[in-house]
Amino acid sequence: MRILFLLQPGTNSRSIFVGMIHGARAAGHEPLVMELAPIFRALAQHPAQRVETATQAAAGLRATVERHQPDLSIAMWANGITCFAGVSIDGQAFSIFDGLKLPHLCWWLDGPQWATGGSSHRFFGTPAIRSPYVRHLINSPSSAAEMTQLLGFGRTTALPYAIDEQVMKPARAAQLSFDLVASCGPGDPAPTAGALRELENDTPDVEAIRRDYANGARPKPTTLR
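Here the residue index of a chain counts from 1 through its sequence in written order. Totals for whole chains, interfaces and linings use every residue, but because this is a predicted model, local features are given only for residues with pLDDT of at least 70 and side-chain atom pairs only at 80 or more, for both listing and counting. Side-chain figures throughout are based on the complete set of non-hydrogen atoms in the structure, without hydrogens or water.

Participant: Any details on the pairing of strand 1 (residues 2–7)? Residues and values, ideally.
Facilitator: Relative accessible area decides the class of each residue, using a 1.4 Å probe on protein chains only: under 20% of the type maximum gives buried, over 50% gives exposed, and in between gives partly exposed. Segments assigned H or I by DSSP are reported as helices when at least four residues long, segments assigned E as strands when at least two residues long, and all are numbered from the N terminus. Counting buried positions along strand 1 gives five out of six residues, so the element sits mostly inside the fold. In this analysis, strands are considered paired if DSSP registers two or more bridges between them. Inspection of the sheet shows strand 1 paired to strand 2 (residues 30–35) by six bridges, in the parallel sense. In the sheet register, Leu-4 faces strand 2, and the bridge partner there is Leu-32. Crossover connection from strand 1 via helix 1 (residues 12–26) to parallel strand 2: handedness right-handed. When the strands point away from the viewer, a crossover counts as right-handed if the route from the first strand across the helix to the second turns clockwise.

Rendered as structure tokens:
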């Protein structure tokens, strides 16, 4: 299968996406890669020309698809929808993939409601995100249910993440210098005083650490001035 990957610039997310490309090749597929960095750069430098930039990008994508005839395309988050001008079908705005009749996968590395600074909100519940040509993938079944039942998404599949074994190799010979690791996102906040105290225990109270972080996540009352 020939797969067109629309690769975004970045650090961690780009490395993860490159790992997916390696996995596709290892599975016997033929990956094609289109860099989105020039589109990102043009959108950032000339925000007033967003329509022109997206239209030019759409023409470039269409030419790539016509030349290489991929079986499907994949992009992280809604990059495939936001970077390219869409099409109008029966008076409704659809993504470019409907115009190309090309199946497209949106791979959500995190929940759509806060992904990429919430920039995808305007597409929730629209034909562009619910199209039969667009499918969504996320690692959490509960998030997949939220996307379809609350956020107006179309076909959404939950699938655990894999890893690129060429990058993340088992560290069997490593000398571990810790007994417990806690990460309570988003943003990996600093450990609480309670969590630090538990580090001194040979059998840390993990439930106490969870309660500590849960209390910190409760909504705080605000004072209006």
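Participant: How would you explain the packing of aromatic side chains if you had to name every residue and give the values?
Facilitator: Each Phe, Tyr or Trp ring (for Trp, its six-membered ring) is paired with any other whose centre lies within 6.5 Å, and the angle between the two planes then decides the class: stacked below 30 degrees, edge-to-face above 60, tilted in between. Using the criterion set out here, one finds five aromatic pairs in the structure. Here Phe-5 and Phe-17 contribute two aromatic rings whose centre-to-centre distance is 5.8 Å and whose plane-to-plane angle is 75°, an arrangement assigned as edge-to-face. One end of the pair, Phe-5, is in strand 1; the other, Phe-17, is in helix 1, and 12 residues separate them in sequence. On the basis of relative accessibility, which here comes to 1%, the residue Phe-5 falls in the buried class. Phe-17 sits in the buried class, given a relative accessible area of 0%. Here the aromatic cluster, defined as three or more aromatic residues joined through ring pairs, consists of Phe-5, Phe-17, Trp-107 and Tyr-161.

Participant: Could you give an account of unusual backbone geometry, naming the residues involved and the relevant values?
Facilitator: If you check the backbone angles, Gln-69 has positive phi at about 50° while not being a glycine. For Gln-69, the location among the structural elements is in the loop between helix 3 (50–68) and strand 3 (72–76). The class of Gln-69 is exposed, set by a relative accessible area of 53%. We note that Lys-101 has phi near 55°; this positive angle belongs to a residue other than glycine. Within the secondary structure, Lys-101 is located in the loop between helix 5 (96–100) and strand 6 (104–107).

Participant: I'd love a proper account of the environment of Asp-202, names of residues and values included.
Facilitator: On the secondary structure map, Asp-202 appears in the loop between helix 8 (193–198) and helix 9 (206–216). For Asp-202, a relative accessible area of 80% translates into the label exposed. Taking the C-alpha atoms as reference, Asp-202 lies 8.7 Å from Asp-179; in sequence the two are 23 residues apart.

Participant: Quick rundown of the nonpolar core? Include the residues and the values.
Facilitator: Nonpolar cores are built from buried Ala, Val, Leu, Ile, Met, Phe, Trp, Tyr and Cys residues. Side-chain atoms within 4.5 Å join them into one set. Phe-5, Phe-17, Ile-74, Ile-81, Trp-108 and Phe-153 are the most contacted members of the largest nonpolar core, which has 28 residues in total. Elements supplying a minimum of two residues to this core: strand 1, helix 1, strand 3, strand 6, helix 6 (127–130), strand 7 (134–138) and helix 7 (141–149). What Ile-74 contacts, discounting residues up to four positions off in sequence, is Ile-3, Leu-4, Phe-5, Leu-6, Phe-17, Met-20, His-104 and Leu-105. A contact between two residues is defined here by any heavy atoms of the two lying within 4.5 Å.

Participant: Before we move on, can you summarise the side chain of Asn-79 with the specific residues and values?
Facilitator: Relative to the helices and strands, Asn-79 is located in helix 4 (residues 79–82). With residues up to four places along the chain from it excluded, the contact list for Asn-79 reads Gln-8, Leu-36, Phe-40 and Phe-84.

Participant: Describe in detail the pattern of salt bridges, supporting the description with residues and values.
Facilitator: Should a side-chain nitrogen of Lys or Arg be within 4 Å of a carboxyl oxygen of Asp or Glu, the pair is scored as a salt bridge. Going through the model one piece at a time under the given rule, you end up with three salt bridges. Its salt-bridge partner being Arg-14, residue Glu-35 comes within 2.8 Å of it at the nearest N-O pair. A residue pair is termed long-range when its members are at least 10 positions apart, and Glu-35 in strand 2 and Arg-14 in helix 1 qualify at 21 residues. For Glu-35, a relative accessible area of 37% gives the class partly exposed. We classify Arg-14 as partly exposed; its relative accessible area is 23%. For Arg-210, the salt bridge goes to Glu-207, with nearest N and O atoms at 2.7 Å. You can see Arg-210 and its partner Glu-207 sitting in helix 9, three residues apart, about one turn around the helix.

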